[in-house]
Amino acid sequence: MRTEQEPQTAGELIRFWRTRRGLSQLELSLEANVSTRHLSFVETGRSDPSRQLLVHLAQQLDLPIAERNRLLLAGGFAPPYRELPYDGELMQPLRESLERLLAAHEPNPALIVDGLWNVIESNRAASLLWDGIDPELLEPPINLLRLGVHPGGLPRISSMTAACNAPLIHRLKRRSREDADPALAGLVEEVEAYLPGEPPAGQATQPVVSLRLQTPLGDVELFTIIATLGAPLDVTAANLAIETFLPMDPTSAARLAELSAARSI
């Protein structure tokens, strides 16, 4: 996902991301209200950019916050964003709020994944999602993307097929290109192997994709919602996503509630 020669200087990084965004020097200079001559000098290293200019160009190029850190460091400035461990002390207030969010979704399954879709937190109801799947897929860290497409994963205990995850996989593939993220690109390449060669034919019969999950009380039909934090100021927080599974019908809702009550006994 990188150029053949890894960009090292601030100027090289600006040129790398400008090219990645499909912008000419003239187009970026007009958008950023910077002279083309000055931008050219920055890219070639003939001029040292100020911190203010680097922050401004990073915003114009819509860089991921981890790459904004990298750009500022390459320019000799302190990075503007922290990258704290999710289980660290400074992340505790956010972590506790997200744990309350997961608990509030009971009896519906809910979980939190990182930027590579590894599960880092889940509520009790989420155990329904791995009850009966291939134990090898449960070796930590559990990868939810792989779980959704691998024949031994969710397709084994539900009506979900790899095709159901195609829209998400395609969005993540686009994001891996936009963010120049080789780790995400590698994961997407792996799971793409499970996708069918042709998209499903026929007209859609419902507003969202759903899956019928096998449970001890019978099938439960679910759909999913994926949410992210609105204004993250930390690299780890920016990569978090919350996925919740909600019932499609009253019967499914009742069964989820009954399963939750049984777990509480």
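The numbering scheme is per chain: residues are counted from 1 as the chain's sequence reads. Residues qualify for local features only when their pLDDT is at least 70, as the model is predicted, and side-chain atom pairs are given and counted only at 80 or more; totals for whole chains, interfaces and linings, by contrast, use all residues. The side-chain quantities take in all heavy atoms of the structure and omit both hydrogens and water.

Colleague: Report on the pairing of strand β2 (residues 119-122), specifying residues and quantitative values.
Modeller: In short, DSSP must find at least two bridges between two strands for them to pair. Only DSSP runs of H or I covering at least 4 residues are called helices, and only runs of E covering at least 2 are called strands; the numbering of each starts at the N terminus. Of the pairings in the sheet, the one linking strand β1 (residues 110-113) to β2 comprises 3 bridges and is antiparallel in character. By the bridge assignment, Leu111 is partnered in β2 with Ser122. Hairpin connection between β1 and β2: a loop of 5 residues separates the two successive antiparallel strands, and Trp117 in this loop has a positive phi of roughly 65 degrees.

Colleague: Describe in detail the pattern of salt bridges, supporting the description with residues and values.
Modeller: Counted as salt bridges are all cases of a side-chain nitrogen of Lys or Arg within 4 Å of a carboxyl oxygen of Asp or Glu. All told, the structure shown has 5 salt bridges when counted by the stated rule. Between Arg70 and Glu67 there is a salt bridge whose closest N-O contact spans 3.5 Å. One end of the pair, Arg70, and the other, Glu67, are both in helix α5 (residues 65-74), 3 residues apart, so they sit about a helical turn from each other. What makes Glu67 buried here is its relative accessible area of 11%. Its salt-bridge partner being Arg263, residue Glu106 comes within 3.6 Å of it at the nearest N-O pair. For every residue, the accessible area (1.4 Å probe, protein chains only) is compared with the maximum for its type, and the residue is labelled buried under 20%, exposed over 50%, or partly exposed between those bounds.

Colleague: Describe the sheet that holds β2, and please don't skip the residues or the numbers.
Modeller: Taken together, 5 strands build an open sheet; the order of strands is β2-β1-β5-β4-β3 and the sheet is antiparallel. At either margin of the open sheet sits one strand with a lone partner, and together these are β2 and β3 (211-213). Adjacent strand axes in the sheet meet at a mean angle of 35 degrees when their direction is disregarded. The sheet contact formed by strand β4 (residues 220-228) and strand β5 (residues 241-247) spans 7 bridges and is antiparallel. Within the sheet, the bridge partner assigned to Leu222 lies in β5 and is Pro247. What counts as an axis is a line fitted to C-alpha atoms, over the stretch in contact for a helix, and the angles between N-to-C directions run from 0 to 180 degrees.

Colleague: Can you lay out the packing of helix α9 (residues 166-178) against helix α10 (residues 182-192) for me, pointing to particular residues and giving the numbers?
Modeller: Two elements in contact, α9 and α10, have axes separated by 9 Å at closest approach and are oriented at 150 degrees. Accordingly, the angle class assigned to the pair α9 and α10 is roughly antiparallel. Once α9 is placed against α10, the crossing between them reads as left-handed. Counting all contacts with α9, which are made through Ile169, Leu172, Lys173, Arg175 and Ser176, the residues of α10 involved are Leu184, Ala185, Val188, Val191 and Glu192. Residues belonging to the contact of α9 with α10 are distributed by class as follows: 6 nonpolar, 1 polar and 3 charged. These descriptions rest on fixed angle ranges, namely under 35 degrees for roughly parallel, over 145 for roughly antiparallel, 65 to 115 for roughly perpendicular, and the rest for oblique. Take the far helix as the reference: if the near one is turned anticlockwise from it by less than a right angle, the crossing is left-handed, and if turned clockwise, right-handed. Contacts between residues were defined by any pair of non-hydrogen atoms, one from each residue, lying within 4.5 Å. Residue polarity is assigned by list, with Asp, Glu, Lys and Arg as charged and Ala, Val, Leu, Ile, Met, Phe, Trp, Tyr, Cys and Pro as nonpolar; anything else, Gly included, falls into the polar class.

Colleague: Tell me about the packing of aromatic side chains, residues and numbers included.
Modeller: Two rings from Phe, Tyr or Trp (for Trp, the six-membered ring) form a pair when their centres sit within 6.5 Å of each other. Planes less than 30 degrees apart are called stacked, planes more than 60 degrees apart edge-to-face, and all others tilted. Counted by the stated rule, this structure contains 1 aromatic pair. When the centroid spacing of 5.3 Å and the interplanar angle of 90 degrees are considered together, the rings of Phe16 and Trp17 count as edge-to-face. Residue Phe16 is classed as buried on the basis of its relative accessible area of 6%. Taking the relative accessible area as the measure of exposure, Trp17 reaches 1% and is therefore buried. For Arg46, the ring lying beneath its charged end belongs to Phe41, and the centroid distance is 4.1 Å. Charges are assigned to positions over rings by a cutoff of 6 Å between ring centre and Lys NZ or Arg CZ, combined with an angular limit of 35 degrees from the ring normal.

Colleague: For unusual backbone geometry, give the residues involved together with the corresponding values.
Modeller: Trans peptide bonds make up the majority, and among non-glycine residues the majority have a negative phi. Of the consecutive residues Glu106 and Pro107, the connecting peptide bond is found in the cis state with omega at 10 degrees. With respect to the secondary-structure elements, Pro107 resides in the loop between α6 (92-104) and β1. Each neighbour pair has its own omega, and for Pro140 with Pro141 the value is -5 degrees, a cis peptide bond. Note on placement: Pro141 falls in the loop between β2 and α7 (144-149). Not every positive phi belongs to a glycine, and Asp62 is a case in point at roughly 55 degrees. Secondary-structure assignment places Asp62 in the loop between α4 (51-60) and α5. Even without being glycine, Trp117 reaches a positive phi, approximately 65 degrees.

Colleague: Go over the side chain of Asn143, please, and point to the residues and values.
Modeller: Its location among the elements puts Asn143 in the loop between β2 and α7. Any pair of nitrogen or oxygen atoms within 3.5 Å is treated as a polar contact; in protein, a donor-acceptor pairing is required on top of that, and neighbouring residues in sequence qualify only through side-chain atoms on both sides. Engagement of the side chain of Asn143 in a polar contact is seen with the backbone nitrogen of Arg146, the distance being 2.9 Å.

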